[in-house]
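# Examining the three-dimensional arrangement
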Amino acid sequence: MKIAIIVNLSKEKAIECADRIIEILGGEGVKLYMPPNCSDVFENSGVSFCTTIEQLFEIADIAVTVGGDGTIIHTAKYAARTATPLIGVNVGRLGFAADVEADEIGDLKKLVSGTYSMEERLLLEVEVRTPIDSNVYLAVNDAVVTHGTLSKIVDFELSLDGEEISRYRADGLLFSTPTGSTAYSLSAGGPIVSPQMKCILMTPVCPHSLFSRSVLFGADACLSVKVKIPLNCSCVLSIDGEKNIEISEQDCVIIRKSSLKLKLLSIENRNFYRKLNEKLKEREL
């Protein structure tokens, strides 16, 4: 078996945890691989290093992330493109998407014995069409069309399958996967959606109306957004909080289900809602 280990090198606890994972899985006879940015930190660990992260996922049977939800989200985009199953070890504060806590890493031996379950998560394909070109992005959690640096309200026109269905005055429109319903969408007042559902969740961000609510669309919906931007202001599209793309009034942002899927592994088999309650209680501390 070949397992990739991706570590958030900015967290000392993640590095310590990764050292223990290497020891545990190495003792099970697993071949371990890491991306090139880990070579200086783990050079004497008996791990092989790939020249690119793309090569890493072409090689690996399973990928293990060590960090928080941000590490999982960033890694998931590579994993989805090669259909590589992914499991996260949480050393952050919340870790909604992670299956294993730092004190449970001994359970990763179950990856070798095959004692785990797997579920497929819906991802979003986000296309930005401009008058001169088109670019496509992959979103694991969410895509948000929102105002730029100046806090002026924006007018949004939302269409479903090419037909306009609503207009909003708001700070932004947030489009979330079920996985992302516990992220920014939750903070914006959106509902919690079971990650096994196949749907697209739209939540207005700070709408200028008492009657603007979240809407659940079917997984096959094709949503599109156009904006009217106040004078001397700007508008941006944010993908998973990682990438920002400036949007003009001539552009159209299209959100649909991606043909790619994220395969997440679970060895703990926790009830989603029980786990969610535990995490939200931790957030109050």
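For the structure given in this document, a descriptive report is provided here. (Residues numbered from 1 in each chain as written. Predicted model: local features only at pLDDT ≥ 70, side-chain atom pairs only at ≥ 80, totals over all residues. Heavy atoms only, no water.)

### Considering the pattern of salt bridges
- Scanning all chains against the criterion turns up 11 salt bridges.
- The closest approach of N and O atoms between Lys77 and Glu242, which form a salt bridge, is 3.1 Å. With Lys77 in helix H3 (residues 69-82) and Glu242 in the loop between strand S16 (235-239) and strand S17 (243-247), the pair connects residues that are 165 residues apart, well separated along the chain.
- Residue classification places Lys77 among the buried residues on the basis of a relative accessible area of 10%.
- Arg169 serves as the salt-bridge partner of Asp155, at 2.8 Å between the closest nitrogen and oxygen. Taken together, the residues Asp155 in strand S10 (residues 154-160) and Arg169 in strand S11 (residues 163-170) connect sequence positions 14 residues apart.
- Exposure remark for Asp155: the relative accessible area of 26% places this residue in the partly exposed category.
- Among the charged side chains, a network of salt bridges with common partners joins Glu125, Glu127, Arg129 and Arg256. (Salt bridge = Lys/Arg side-chain N within 4 Å of Asp/Glu carboxyl O. Helix = DSSP H or I, 4+ residues; strand = E, 2+ residues; numbered from the N terminus. Buried < 20%, exposed > 50% of the residue type's maximum accessible area, 1.4 Å probe, protein only.)

### Section: the sheet that holds strand S14 (residues 215-218)
- If you walk across this open sheet you meet the six strands as S14-S13-S12-S9-S16-S17, and the pairing is antiparallel. Two strands in the sheet have a free side with no partner beyond their single neighbour: S14 and S17. Averaged over all pairs of adjacent strands, the angle between strand axes in this sheet comes to 20°, irrespective of strand direction.
- Strand direction decides the pairing type here: strand S13 (residues 199-205) and S14, joined by four bridges, are antiparallel. By the bridge assignment, Met202 is partnered in S14 with Val215. (Pairing = 2+ DSSP bridges. Axes fitted to C-alpha atoms, helices over the stretch in contact; angles between N-to-C directions.)

### What to know about H3
- Between its first and last C-alpha atoms H3 spans 20 Å; for 14 residues at 1.5 Å apiece the expected length is 20 Å, and the two agree.
- The largest bend along H3 measures about 35° and falls at Ala76.
- Remark: Ala83 follows H3 within two positions and exhibits a positive phi of approximately 55°. (Expected span 1.5 Å × (residues − 1). Bend = angle between axes of the 7 residues up to and from the residue.)

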